[in-house]
Protein chains: 4
Amino acid sequence: MTISLRKARTIIRKTFEKGREMELKPLSIVVLDAGGNVQAFEREDGAAPGRFEIAFGKAYGTVMLGIPGSAQMARAESQGYFMTCVNGAYGGNVIPVPGGILMRDRKGAVVGAIGVTGDTSDNDAIAGVVGVEAAGLVAES
Amino acid sequence: MTISLRKARTIIRKTFEKGREMELKPLSIVVLDAGGNVQAFEREDGAAPGRFEIAFGKAYGTVMLGIPGSAQMARAESQGYFMTCVNGAYGGNVIPVPGGILMRDRKGAVVGAIGVTGDTSDNDAIAGVVGVEAAGLVAES
Amino acid sequence: MTISLRKARTIIRKTFEKGREMELKPLSIVVLDAGGNVQAFEREDGAAPGRFEIAFGKAYGTVMLGIPGSAQMARAESQGYFMTCVNGAYGGNVIPVPGGILMRDRKGAVVGAIGVTGDTSDNDAIAGVVGVEAAGLVAES
Amino acid sequence: MTISLRKARTIIRKTFEKGREMELKPLSIVVLDAGGNVQAFEREDGAAPGRFEIAFGKAYGTVMLGIPGSAQMARAESQGYFMTCVNGAYGGNVIPVPGGILMRDRKGAVVGAIGVTGDTSDNDAIAGVVGVEAAGLVAES
């Protein structure tokens with residue numbers, strides 16, 4: 001039910017590599033453990049200063065609700081007030097768009113979530129999934 | 001104007017039993033007293049870590065406004081900004097969807113509220129009503 | 001790295017039993033998992049309404065810092081401003097006194113924390129340790 | 001007025017190396033830029049879950065006030081209420097003890113701050129200074 005720093009580093013490096021391959025804007029990634037606590041974060045040079053908060057919001061909502069960013073976005077599109085209120089309940093720490101990716105081990109247990117931000121939300125998610133899979137984990141994005 | 005721990009336990013157990021009978025996802029339930037304060041809470045194994053906040057939000061808005069989750073949702077559907085602002089006024093602790101259930105005694109006095117979360121909002125509410133009624137109380141969901 | 005609802009219930013019941021044996025005032029107990037998220041809570045009849053927040057504060061600081069309530073109190077006695085500022089960093093959710101008990105499994109891994117409140121802090125801690133040990137866990141109080 | 005991710009990584013790795021050499025408990029380190037924004041963070045395996053908030057508090061107060069942790073502690077020792085109120089003014093994000101280290105370039109310009117936590121505050125600071133200097137920067141701790 002936890003994630004090692006070694007795996008967190010792999011996820012971050014591989015997500016950045018994929019971002020460069022896709023020629024995305026500078027990315028930022030946070031890795032949270034299964035309890036919603038920060039394990040690791042990196043912000044690429046050239047990224048805007050406030051990227052930690054966005055990355056954290058994508059990952060935090062994902063792990064606390066057990067629902068990835070894309071599903072949160074679908075709910076927000078159909079019931080905007082619901083996700084707004086969920087954001088309030090979680091202290092303003094929820095960003096319900098793609099780039100919030102749930103991570104499971106091979107047995108299906110949630111081991112944490114990542115939040116990727118910097119390019120379009122869809123591109124953020126594509127790069128992040130590559131990072132999660134490179135660490136031998138299953139990504140739900 | 002209060003609810004005993006014994007009744008709170010009955011509500012929780014019977015809601016969980018109904019959830020298993022309906023084959024719902026793992027549920028979480030909070031029982032609040034008539035003052036909006038936590039009496040009891042349980043999160044079933046396998047539920048996402050952030051379920052306390054969602055359950056609390058459903059129950060807190062219900063007891064503080066004296067209006068169950070379904071009526072809050074109707075208001076949110078017609079006036080989204082209103083419930084968003086109510087969420088702010090109550091410190092982010094309002095989740096205006098079904099699963100927030102007002103509890104009354106046989107004379108009609110409000111004795112508290114419960115918040116159920118984990119499956120669809122409608123299923124959460126169905127299971128919770130069974131729990132409230134099993135404790136000899138009247139549910140307004 | 002997690003705690004089952006079954007164990008959480010055992011901890012709560014055994015702590016209450018010990019409290020009654022010691023003729024303590026009504027107790028309240030929260031059980032948090034290793035990530036600081038609420039697993040279960042119960043407030044005995046007759047306890048003051050705001051006991052959830054106190055129990056949560058004892059347990060939350062304990063698990064987030066990895067330090068039990070007694071050690072937090074020692075630090076607060078020698079460096080009051082430090083624990084006040086830690087409280088700020090954790091959103092006001094730290095109550096640095098006995099009754100915050102770290103729980104480990106037989107291998108030494110932290111599986112969560114409990115917060116007990118209602119009587120004197122020292123008595124709260126004595127009862128809580130009995131509860132934790134009854135669940136087959138190691139208590140650091 | 002900024003710090004590269006490359007340098008941030010060097011600081012983190014060298015601080016961890018020093019910690020292992022000194023046989024410290026697992027460390028956590030945050031690197032903030034000159035604007036107080038998160039550039040990078042890592043939490044070693046075995047560290048308590050809430051270490052991000054403590055590391056951030058050490059670094060944030062340091063860079064926002066332009067004063068390292070040791071000097072903040074001296075002020076707190078003589079005027080506890082002052083640092084408590086500074087903590088409030090900065091949203092609870094100030095932990096005024098050693099381990100908050102100001103970083104300057106060779107010309108004396110502040111380029112950011114780090115926050116190190118996990119062992120005693122003094123040991124945290126010793127390890128962190130080694131990390132900052134390994135990146136070719138000047139540490140004020």
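Just so you know, these numbers come straight off a predicted model, no measurement behind them.

What counts, and at which threshold
- Residues numbered from 1 in each chain as written.
- Chains lettered and ligands numbered in written order.
- Predicted model: local features only at pLDDT ≥ 70, side-chain atom pairs only at ≥ 80, totals over all residues.
- Heavy atoms only, no water.
- Buried < 20%, exposed > 50% of the residue type's maximum accessible area, 1.4 Å probe, protein only.
- Helix = DSSP H or I, 4+ residues; strand = E, 2+ residues; numbered from the N terminus.
- Arc of directions from axis to C-beta.
- Contact = heavy atoms within 4.5 Å.
- Buried area = accessible area lost by both parts, 1.4 Å probe.
- Salt bridge = Lys/Arg side-chain N within 4 Å of Asp/Glu carboxyl O.
- Expected span 1.5 Å × (residues − 1).
- Pairing = 2+ DSSP bridges.
- Axes fitted to C-alpha atoms, helices over the stretch in contact; angles between N-to-C directions.
- Least-squares fit on C-alpha atoms with pLDDT ≥ 70 in both.
- Polar contact = N/O pair within 3.5 Å; in protein donor to acceptor, adjacent residues only side chain to side chain.
- Phe/Tyr/Trp six-rings, centres within 6.5 Å; stacked < 30°, edge-to-face > 60°.
- Lys NZ or Arg CZ within 6 Å of the ring centre and 35° of its normal.
- Parallel < 35°, antiparallel > 145°, perpendicular 65-115°, else oblique.
- Left-handed = near helix turned anticlockwise from the far one by under 90°.
- Nonpolar A, V, L, I, M, F, W, Y, C, P; charged D, E, K, R; others polar.

(A) Seen up close, helix α3 (residues 69–78) of chain B. By the burial criterion, the buried members of α3(B) are Gly69(B), Gln72(B) and Ala76(B). Angular distribution of buried residues about the axis of α3(B) spans 60 degrees; they occupy a single face of the element. Among the structural elements, α4 (80–89) of chain A together with α2 (51–65), α4 (80–89) and β3 (100–104) of chain B are those in contact with the buried residues of α3(B).

(B) Main features of the interface of chain D and chain A. Counting residues at the interface gives 18 residues for chain D and 18 residues for chain A. Together, the buried faces of chain D and chain A total about 1,700 Å²; carbon and sulfur atoms form 41% of this surface. When the area that chain D buries against chain A is broken down by residue, the three leading residues are Arg9(D), Val38(D) and Arg43(D), summing to 30%. Counting the contacts that link chain D with chain A gives 4 salt bridges.

(C) Structural view of the pattern of salt bridges. Under the counting rule described, the total for this entry stands at 31 salt bridges over all chains. A salt bridge links Glu42(B) to Arg9(C), with the nearest nitrogen and oxygen atoms 2.6 Å apart. Taken together, the residues Glu42(B) in strand β2 (residues 38–43) and Arg9(C) in helix α1 (residues 5–21) connect one chain to another. A residue is classified by how much of its surface remains accessible, and Glu42(B), at 4% relative accessible area, is buried. Arg104(D) serves as the salt-bridge partner of Glu140(D), at 3.1 Å between the closest nitrogen and oxygen. Separated by 36 residues along the polypeptide, Glu140(D) in strand β5 (residues 138–140) and Arg104(D) in strand β3 (residues 100–104) bring together distant segments of the chain.

(D) How the structure looks around helix α2 (residues 51–65) of chain D. All names here are of chain D. If you check α2, its first and last C-alpha atoms are 21 Å apart, about what 15 residues at 1.5 Å a residue would give, namely 21 Å. Judged by how many residues are buried, α2 sits mostly within the fold: 12 of 15 residues are covered. Buried within α2 we find Arg51, Phe52, Ile54, Ala55, Phe56, Gly57, Lys58, Ala59, Tyr60, Gly61, Thr62 and Val63. Once α2 ends, the next one or two residues include Gly66, with phi positive near 70 degrees.

(E) Representation of the sheet that holds strand β1 (residues 28–33) of chain A within the structure. Taken in spatial order, the 10 strands of this open sheet run β5(A)-β3(A)-β4(A)-β1(A)-β2(A)-β2(D)-β1(D)-β4(D)-β3(D)-β5(D), and their pairing is antiparallel. At either margin of the open sheet sits one strand with a lone partner, and together these are β5 (138–140) of chain A together with β5 of chain D. Each adjacent strand pair in this sheet contributes to an overall mean axis angle of 20 degrees, direction not counted. Relative to strand β4 (residues 110–117) of chain A, β1(A) is paired through 6 bridges, and the arrangement is antiparallel. Within β4(A), the residue paired with Val30(A) across the bridge is Gly115(A). Its contacts with the sheet put helix α1 (residues 5–21) of chain A on β1, β2 (38–43), β3 (100–104) and β4 of chain A together with β2 (38–43) of chain D, and the angle it makes with β2(A) is roughly 25 degrees.

(F) The relation of the copies chain D and chain A, seen in detail. The two copies are related by a screw operation: chain D maps onto chain A through 180 degrees of rotation and 0.0 Å of translation along the axis, at an RMSD of 0.1 Å. The transformation just described matches what one would write down for a two-fold rotation axis. When C-alpha positions in chain D are compared against the rotation axis, the closest is assigned to Phe41(D), at 2.5 Å.

(G) Representation of the interface of chain B and chain C in the model. The interface is formed by 18 residues belonging to chain B together with 18 residues belonging to chain C. Counting the surface lost from both chain B and chain C, the interface buries some 1,700 Å², and carbon and sulfur atoms represent 41% of this. Taken together, the links from chain B to chain C amount to 12 residue pairs in polar contact (both at pLDDT 80 or more). Among the secondary structure elements, those contributing two or more residues to the side of chain B that touches chain C are α1 (5–21) and β2 of chain B.

(H) Structural detail: the side chain of Glu44(C). Along the polypeptide, Glu44(C) turns up in the loop between β2 (38–43) and α2 (51–65). In this structure the side chain of Glu44(C) is engaged in a polar contact, spanning 2.9 Å, whose partner is the backbone nitrogen of Leu27(C).

(I) The packing of aromatic side chains, seen in detail. Applying the stated criterion across every chain, the model contains 18 aromatic pairs over all chains. Judged by centre distance (5.0 Å) and plane angle (85 degrees), the ring pair of Phe41(B) and Phe52(B) falls under edge-to-face. Within this pair, whereas Phe41(B) is found in strand β2, its partner Phe52(B) is found in helix α2, the two being separated by 11 residues in sequence. The burial state of Phe41(B) is the same as that of Phe52(B); both residues are buried. Three or more aromatic residues joined by ring pairs form one cluster here, namely Phe41(A), Phe52(A), Phe56(A), Tyr60(A), Tyr90(A), Phe41(D), Phe52(D), Phe56(D), Tyr60(D) and Tyr90(D). Positioned over the ring face of Phe82(C) is Arg75(C), at 3.8 Å from the centre of the ring.

(J) Here's a closer look at the packing of α1(B) against α1(C). Their axes nearest at 15 Å, the elements α1(B) and α1(C) cross at an angle of 170 degrees. With respect to their mutual orientation, α1(B) and α1(C) come out roughly antiparallel. Crossing geometry of α1(B) relative to α1(C) is assigned as left-handed. Across the interface between the two elements, Leu5(B), Arg9(B), Arg13(B) and Phe16(B) of α1(B) pack against Leu5(C), Arg9(C), Arg13(C) and Phe16(C) of α1(C). A class-by-class count of the residues in the contact of α1(B) with α1(C) yields 4 nonpolar, no polar and 4 charged.

(K) Expanded view of the packing of α4(A) against α4(B). Look at α4(A) against α4(B): their axes get within 9 Å of each other, and the N-to-C directions meet at 10 degrees. In terms of their interaxial angle, α4(A) and α4(B) are classed as roughly parallel. Residue-level contacts link Tyr81(A), Thr84(A), Cys85(A) and Gly88(A) of α4(A) to Gly80(B), Met83(B), Thr84(B) and Asn87(B) of α4(B). In the contact of α4(A) with α4(B), the residues fall into 3 nonpolar, 5 polar and no charged.

(L) View of unusual backbone geometry. The backbone phi angle of Glu23(A) is positive, close to 60 degrees, even though this residue is not glycine. Counting through the fold element by element, Glu23(A) comes out in the loop between α1 and β1.

(M) How the structure looks around the sheet that holds strand β4 (residues 110–117) of chain C. With respect to topology, 10 strands assemble into an open sheet ordered β5(B)-β3(B)-β4(B)-β1(B)-β2(B)-β2(C)-β1(C)-β4(C)-β3(C)-β5(C), the strand pairing being antiparallel. The open sheet has two free edges, formed respectively by β5 (138–140) of chain B together with β5 (138–140) of chain C, since each of these has just one partner strand. Averaged over all pairs of adjacent strands, the angle between strand axes in this sheet comes to 20 degrees, irrespective of strand direction. Note that strand β3 (residues 100–104) of chain C and β5(C) share 3 bridges and pair antiparallel. Among the inter-strand pairings, Leu102(C) is bridged to a residue of β5(C), identified as Glu140(C).

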